[in-house]
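Working through the structure, step by step
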Amino acid sequence: LRELDERYGDRGLQIIGISLQETSADDIAAYAERYDLLYTICFDASGHVFRAYKVYALPTQFFIDTNGVIHTVINGPVEMEGASALIESLLPAEAP
């Protein structure tokens, strides 16, 4: 995710991580710092987001288009090549 954020952030990609495994916001901040993660990571302490989005596997990736519509859901790990192809199809074309 860090690499995708670095590669596509200037084209408008927004990565938002939702953590269910950490026990506090401080744990999430420490995790993000340890792995040099600059994208937003939220803490779903109550599991509300987990249930609302009907997440059945960890990790789960939601690819949401520029209109806010969920385009693709991937349950489980995602390959860099597949994620890049999905992102390319959802973002505006790169300027020449």
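Our subject in this report is the structure included herewith.

Rules of the game
Residues numbered from 1 in each chain as written. Predicted model: local features only at pLDDT ≥ 70, side-chain atom pairs only at ≥ 80, totals over all residues. Heavy atoms only, no water. Core = buried A, V, L, I, M, F, W, Y, C linked by side-chain atoms within 4.5 Å. Buried < 20%, exposed > 50% of the residue type's maximum accessible area, 1.4 Å probe, protein only. Helix = DSSP H or I, 4+ residues; strand = E, 2+ residues; numbered from the N terminus. Salt bridge = Lys/Arg side-chain N within 4 Å of Asp/Glu carboxyl O.

For the rest of this paragraph, the subject is the nonpolar core. If you look at the biggest cluster of nonpolar residues, it comprises 14 residues, and the most contacted ones within it are Leu-4, Tyr-8, Leu-13, Ile-15, Phe-63, Ile-87 and Leu-91. When contributions to this core are tallied by element, the ones reaching two or more residues are α1 (2-8) and α4 (80-90).

Okay, the pattern of salt bridges next. If charged atoms from side chains of opposite charge come close, those side chains can pair. Enumeration according to the criterion identifies two salt bridges in this entry. Between Arg-7 and Glu-3 there is a salt bridge whose closest N-O contact spans 2.8 Å. Here Arg-7 pairs with Glu-3, and both are found in helix α1, just four residues apart, close to one helical turn. Judged by relative accessible area, Arg-7 falls into the partly exposed class, the value being 38%. The exposure class of Glu-3 is partly exposed, given its relative accessible area of 41%. The salt bridge partner of Arg-11 is Glu-88, with a shortest N-O separation of 3.2 Å.

We now examine unusual backbone geometry. Residue Pro-59 is bonded to the preceding Leu-58 through a cis peptide linkage, with omega at 0°. Mapped onto the elements of the fold, Pro-59 is located in the loop between α3 (48-52) and β3 (60-64). In this model, Asp-36 sits at a positive phi of 55°, which is unusual for a non-glycine residue. Within the element layout of this structure, Asp-36 appears in the loop between α2 (25-34) and β2 (40-43). Of the residues examined, Asp-36 reaches a relative accessible area of 47% and is grouped as partly exposed.

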